[in-house]
Amino acid sequence: QVQLVESGGGLVQAGGSLRLSCAASGRTFSNFAMGWFRQAPGKEREFVAAIASAGITYYTDSVKGRFTASRDNIKNTVYLQMNSLKPQDTAVYSCAASVSGSPFYSRDYTYWGQGTQVTVSS
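Being a predicted model, the structure only gives us computed values, none of them experimental.

A closer look at the sheet that holds strand 8 (residues 77-82)
Taken in spatial order, the four strands make up an open sheet running 1-3-8-7, and their pairing is antiparallel. Looking at the sheet topology across the chains shown, the edges are occupied by strand 1 (2-7) and strand 7 (67-72). Averaged over all pairs of adjacent strands, the angle between their axes in this sheet comes to 15 degrees, without regard to strand direction. Pairing between strand 7 and strand 8: six bridges, direction antiparallel. Considered in strand 8, the bridge of Ala 69 is made with Leu 80.

Digging into unusual backbone geometry
With phi around 55 degrees, Asn 76 is a residue other than glycine that occupies positive phi space. For Asn 76, the position within the fold is in the loop between strand 7 and strand 8. For Ser 84, which is not glycine, the phi torsion reads 50 degrees and is therefore positive. For Ser 84, the position within the fold is in the loop between strand 8 and strand 9 (91-98). Using a relative accessible area of 41% as the deciding quantity, one classes Ser 84 as partly exposed.

Comments concerning the packing of aromatic side chains
Applying the stated rule across the entire model yields seven aromatic pairs. Taking 5.1 Å as the distance between ring centres and 55 degrees as the angle between the ring planes, the aromatic pair formed by Phe 37 and Trp 112 counts as tilted. Residue Phe 37 is located in strand 4 (residues 33-39), and its partner Trp 112 is located in strand 10 (residues 111-112); the two are separated by 75 residues in the primary sequence. Cluster of aromatic residues (ring-pair linked, three or more members): Phe 37, Phe 47, Tyr 58, Phe 104, Tyr 109 and Trp 112. For Arg 45, the ring lying beneath its charged end belongs to Trp 112, and the centroid distance is 3.9 Å.

Let's talk about the nonpolar core
Generally speaking, nonpolar side chains in soluble globular proteins are found buried as a group. Ranked by internal contacts, the top residues of the largest apolar core, which has 30 residues, are Leu 4, Met 34, Leu 80, Met 82 and Tyr 93. Of all the secondary structure elements, the ones that give two or more residues to this core are strand 1, strand 3 (18-26), strand 4, strand 5 (46-51), strand 7, strand 8, strand 9 and strand 11 (116-121). Each residue touching Leu 4, except ones within four places of it in the same chain, is listed here: Cys 22, Ala 23, Ala 24, Met 34, Cys 95, Ala 96, Ala 97, Tyr 111, Trp 112, Gly 113 and Gln 114. Of all hydrophobic cores here, the second largest spans five residues; its members include Phe 37, Phe 47, Ala 50 and Tyr 109.

Here's the deal with the pairing of strand 4
In terms of residue burial, strand 4 counts as a mostly covered element, since six of its seven residues are buried. Where strand 4 and strand 9 come together, seven bridges link them in antiparallel fashion. Of the residues in strand 9, the one forming a bridge with Gln 39 is Val 92. Here five bridges tie strand 4 to strand 5, and the two strands are oriented antiparallel to one another.

Notes on the state of the cysteines
In the structure shown here, the tally under the stated rule is one disulfide. In this model Cys 22 forms its disulfide with Cys 95; the gap between the sulfur atoms is 1.9 Å. Taking the sign of the torsion about the S-S bond as the criterion, the disulfide between Cys 22 and Cys 95, at about 55 degrees, is right-handed. Placement of Cys 22 in strand 3 and of Cys 95 in strand 9 is noted, with a sequence separation of 73 residues between them. Grouping residues by exposure puts Cys 22 and Cys 95 together as buried.

Here is what the cut-offs are and how they apply
- Residue numbers run consecutively from 1 along every chain, following the written order of its sequence.
- Two thresholds apply to this predicted model, a pLDDT of at least 70 for residue-level local features and 80 or more for giving and counting side-chain atom pairs, whereas whole-chain, interface and lining totals are computed over all residues.
- Based on all heavy atoms of the structure, the side-chain values leave hydrogens and waters out of the count.
- Paired strands, in this sense, are two strands between which DSSP finds at least two bridges.
- Helical segments are the DSSP runs of H or I of at least four residues, strand segments are the runs of E of at least two, and each set is numbered from the N terminus.
- For helices, the axis comes from a line fit to the C-alpha atoms of the stretch in contact; other axes are also lines fit to C-alpha atoms, and the angle between any two N-to-C directions lies between 0 and 180 degrees.
- When a residue's accessible area, from a 1.4 Å probe over protein chains only, is under 20% of the maximum for its type it is buried; when over 50% it is exposed; and in between it is partly exposed.
- Each Phe, Tyr or Trp ring, with Trp reduced to its six-membered ring, pairs with another whose centre is within 6.5 Å; inter-plane angles below 30 degrees give stacked pairs, above 60 give edge-to-face pairs, and intermediate values give tilted ones.
- Placement of a positive charge over a ring is assigned whenever Lys NZ or Arg CZ falls within 6 Å of the ring centre and within 35 degrees of the normal to the ring plane.
- Here, nonpolar core refers to any group of buried Ala, Val, Leu, Ile, Met, Phe, Trp, Tyr and Cys residues whose side-chain atoms link them within 4.5 Å.
- In this description, contact between two residues means that some pair of their heavy atoms is separated by no more than 4.5 Å.
- By disulfide we mean two sulfur atoms from cysteines, separated by a distance within 2.5 Å.

By themselves these figures say nothing about function.
Here is the structure:
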């Protein structure tokens, strides 16, 4: 089992920044690919970013150049640095852990955090 706990969400004005953290406990963190997904009200959950165990990163087009995923395998924590935030980034952001499969699809992630709310005001 892996437990994931997100933090760092909040309310920010457009153009501002937030850094989300996801602390993992349980099985060996470094073996997992870690993903970030978000879900806005009335919309389906969507892929935001992922970082593989080897450190390769993936982003959805709408956040490229603005968001950066990173991980600290000593602290068992993954981060999502979000800059130049836009109102359309408003959503509940969740981290997830995957042993195998595509980094882009939620179905390939086994463990999920509870999510943290990010609200960007215009």
